[in-house]
Amino acid sequence: MVTVTEKAKQRILDILREESYDSTYFVRVAVESGGCSGLSYKLNFDNEEKKGDQFFEDKGVKICLDIKSYLYLAGTELDYTDGLTGKGFEFHNPNASRTCACGESFAV
């Protein structure tokens, strides 16, 4: 399961509202090959279910992972920061053995 912090929840709800996405949309979180550590995070909004998708809900936010990504992201917390060093979503992944300095890629 992937969980979200209150700040991430609020930012996701803001984006859904700003983009006029209806209630059929959910957050799709995935892992792709690439980045300086080998694997990178991908996050977008989607409303089409694909074969093998795994769905979770936390704090009223519907989250979807494909089965491959689930293996890398189980137990991950999605956060949002808007501090002086930058703003955006952050992944706190207990499965990562190392991450790059920017936090956008990881290795297991």
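Residues numbered from 1 in each chain as written. Predicted model: local features only at pLDDT ≥ 70, side-chain atom pairs only at ≥ 80, totals over all residues. Heavy atoms only, no water.

An unreviewed UniProt entry lists the protein chain under the name Iron-sulfur cluster assembly protein, with Parapedobacter koreensis as the source organism. According to its UniProt record, the protein chain has this under Sequence similarities (unreviewed entry): "Belongs to the HesB/IscA family." (UniProt positions renumbered as here; feature names shortened; annotations may be inferred.)

Strand order in the open sheet formed by three strands is S1-S6-S7, and the pairing between neighbours is mixed. One side of each edge strand has no neighbouring strand; the edge strands of this open sheet are strand S1 (3-4) and strand S7 (86-92). Bridge count between S1 and strand S6 (residues 77-83): two bridges; the pairing is parallel. Of the residues in S6, the one forming a bridge with Thr-3 is Glu-77. Running at roughly 80° to S6, helix H1 (residues 6-18) makes contact with S1, S6 and S7 of the sheet. (Pairing = 2+ DSSP bridges. Helix = DSSP H or I, 4+ residues; strand = E, 2+ residues; numbered from the N terminus. Contact = heavy atoms within 4.5 Å. Axes fitted to C-alpha atoms, helices over the stretch in contact; angles between N-to-C directions.)

Looking at the secondary structure, you find Val-61 in strand S5 (residues 61-65). A C-alpha to C-alpha distance of 9.9 Å links Val-61 and Tyr-25, two positions 36 residues apart in sequence. Setting aside anything within four residues of it in sequence, one finds Val-61 in contact with Val-4, Lys-9, Ile-12, Val-27 and Phe-56.

All right, on to unusual backbone geometry then. Even without a glycine there, the phi angle at Ser-20 is positive, about 55°. Structurally, the position occupied by Ser-20 is in the loop between H1 and strand S2 (26-33). Residue Ser-20 is classed as exposed on the basis of its relative accessible area, which comes to 64%. For Lys-59, which is not a glycine, the phi torsion comes out positive at approximately 55°. You can call Lys-59 partly exposed: its relative accessible area is 37%. (Buried < 20%, exposed > 50% of the residue type's maximum accessible area, 1.4 Å probe, protein only.)

Turning to the pattern of salt bridges, a few remarks are in order. Scanning the entire structure with this criterion turns up seven salt bridges. Between Lys-7 and Asp-82 there is a salt bridge, with its nearest N and O atoms 3.1 Å apart. Highlighted residues: Lys-7 in helix H1 and Asp-82 in strand S6, separated in sequence by 75 residues. Assessed through its relative accessible area of 43%, Lys-7 is described here as partly exposed. The partner of Glu-18 in a salt bridge is Arg-11, and the shortest N-O contact between them spans 3.5 Å. Residue Arg-11 is classed as partly exposed on the basis of its relative accessible area, which comes to 24%. Overlapping salt bridges bring together Arg-28, Asp-46 and Asp-53 as one network. (Salt bridge = Lys/Arg side-chain N within 4 Å of Asp/Glu carboxyl O.)

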